[in-house]
Amino acid sequence: MTKTKTQAAARTLPLNTILAGDCVEEMRKLPEGSVDLIFADPPYNLQLKGTLHRPDNSMVDAVDDAWDSFASFAAYDAFTESWLAEARRLLKPDGAIWVIGSYHNIFRVGAKMQDAGFWILNDVVWRKANPMPNFRGKRLTNAHETMIWAGKSETSKYTFNYEALKALNEGVQMRSDWVLPICNGGERLKDANGDKAHPTQKPESLLHRVLIGTSNPGDVVLDPFFGTGTTGAVAKMLGRDFIGIEREPSYRKVAEARIATVRRLEKEALQVSTSRRAEPRVPFGQLVERGMLRPGEILTSANGKAAKIRADGTLIADETRGSIHQVGAALEGAPSCNGWTYWHFRRDGKPVPIDVLRQQIRAEMRARPS
């Protein structure tokens, strides 16, 4: 889709709106290739038999709603195929999808995702810090749910804010097992009778991590099973646009009231840590063109190696010629070398990494008005 078509599609999207109706029917009304990210929390098809009681004989508010009931696995599979087909149609070429589920459905959904052409990137285990116990004592405590993160296709250049997730994890690479509490306390929404507004309300911490890690401010996030609006609330706070689809009027009412109270963070607060690879590319020759370094000037390494700058931005050291990276690697007898940190120039008698000059140019580029 061309940039002009993408902009036109964005103008026709019902941004920051909760659409009422069946998810497949409502998705069919949206323009192709118009969504950056999808977060889907489809019915789990729990197949519950009878009521569930705690040891004190009080009844558990389990998921027994009509929307979670399917006549057979075949019926559930057909439903899954239908909504996944529309989800893939709506995603931009570099879009991605998250689907969350339990052992009841996630394996069936994962297979259908692969059949539909999605490219699975990770499965993430949400390990619940405070899971509900298994009251019947006949199985292990179900202490986790599984999320599948997938690109629209194998070639999708999906968003992955690696450094931001690393920062959320105290500087350590984010793993695929996330320990987060279930939704409880003040975050748990209640209806007029004081009961849970939704039996499977997801915690905002989970959506915060998903959206920070795999979307950017201004992206369009679709949630076809909107429920009480966790995706919309977090998206609004983090400067993303959302589209929700929900067929149950009671859930829509709660979601609308909830999202109305959310304040979008200021632009500065929305900025996240980025990888150096995401920074604007600055050729070494640009430093020479701009006179920040001069042809004939000598660069040195920390261990005393030296090379002379040539007018075209290459270096020469003895018989070795090439880029700052090639010459550094040759002098060290190494397969590769980061010339930006290897080479230094002298100012006021002190060695300074040439990367300081590159960062100066990048700062200028970021300061320019768009």
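Our structure's up above, just so we're on the same page.
Residues numbered from 1 in each chain as written. Predicted model: local features only at pLDDT ≥ 70, side-chain atom pairs only at ≥ 80, totals over all residues. Heavy atoms only, no water.

Below, the discussion takes up the overall build of the protein chain. Broken down by element type, the protein chain carries 12 helices and 14 strands. Looking at the 370 residues of the protein chain, the share that counts as buried comes to 43%. Within the protein chain, contacts between residues separated by at least 24 positions form 68% of all contacts whose residues are at least 6 apart in sequence. Only carbon and sulfur atoms are counted for the fraction: they give 50% of the accessible area of the protein chain, which is about 19,700 Å². (Helix = DSSP H or I, 4+ residues; strand = E, 2+ residues; numbered from the N terminus. Buried < 20%, exposed > 50% of the residue type's maximum accessible area, 1.4 Å probe, protein only. Contact = heavy atoms within 4.5 Å. Areas by Shrake-Rupley, 256 points an atom, 1.4 Å probe, with all protein chains shown as cover.)

What follows concerns the side chain of Asn-161. Tracing the backbone through its elements, the reader meets Asn-161 in the loop between β5 (144-151) and α5 (162-168). When its relative accessible area of 14% is taken as the criterion, Asn-161 is described as buried. There is a polar contact of 3.0 Å between the side chain of Asn-161 and the backbone oxygen of Ser-215. Not counting residues up to four positions away in its chain, the partners in contact with Asn-161 are Ile-212, Gly-213, Thr-214, Ser-215 and Asn-216. (Polar contact = N/O pair within 3.5 Å; in protein donor to acceptor, adjacent residues only side chain to side chain.)

Bringing unusual backbone geometry into the picture now. Although it is not a glycine, Asn-16 adopts a positive phi angle of roughly 55°. You can see Asn-16 is positioned in the loop between α1 (3-12) and β1 (17-20). Phi at Asp-318 takes a positive value of approximately 55°, unusual for a residue other than glycine. Looking at the secondary structure, you find Asp-318 in the loop between β11 (315-317) and β12 (320-322).

Time to look at the pattern of salt bridges. Summed over the entire model, instances satisfying the criterion amount to 15 salt bridges. Its salt-bridge partner being Asp-177, residue Arg-175 comes within 2.8 Å of it at the nearest N-O pair. Look at Arg-175 and you get exposed, because its relative accessible area is 57%. For Asp-177, a relative accessible area of 30% translates into the label partly exposed. Of the charged contacts in the structure, one is a salt bridge between Arg-247 and Glu-248, with a shortest N-O distance of 3.3 Å. Assessed through its relative accessible area of 44%, Arg-247 is described here as partly exposed. Residue Glu-248 is classed as partly exposed on the basis of its relative accessible area of 24%. (Salt bridge = Lys/Arg side-chain N within 4 Å of Asp/Glu carboxyl O.)

Between helix α7 (residues 230-237) and helix α8 (residues 249-260), the least distance of the axes is 9 Å, while the angle of their chain directions is 15°. If you check the angle between α7 and α8, you find them roughly parallel. With respect to the hand of their crossing, α7 and α8 are arranged in right-handed fashion. Residues Thr-230, Gly-232, Ala-233 and Lys-236 of α7 pack against Arg-258, Ile-259 and Ala-260 of α8. Taken together, the residues of the contact of α7 with α8 break down into three nonpolar, two polar and two charged. (Axes fitted to C-alpha atoms, helices over the stretch in contact; angles between N-to-C directions. Parallel < 35°, antiparallel > 145°, perpendicular 65-115°, else oblique. Left-handed = near helix turned anticlockwise from the far one by under 90°. Nonpolar A, V, L, I, M, F, W, Y, C, P; charged D, E, K, R; others polar.)

Here we come to the sheet that holds β5. Taken in spatial order, the eight strands make up an open sheet running β1-β8-β7-β2-β3-β5-β4-β6, and their pairing is mixed. Lying at the two open borders of the sheet, with one neighbouring strand each, are β1 and β6 (177-180). Within the sheet, the average angular offset between the axes of one strand and its neighbour, ignoring direction, is 20°. Inspection of the sheet shows strand β4 (residues 119-128) paired to β6 by four bridges, in the parallel sense. Bridge pairing in β6 places Val-125 opposite Asp-177. Contacts between α8 and the sheet are confined to β1 and β8 (241-246), with β1 contributing the most and set at about 175° to the helix. (Pairing = 2+ DSSP bridges.)

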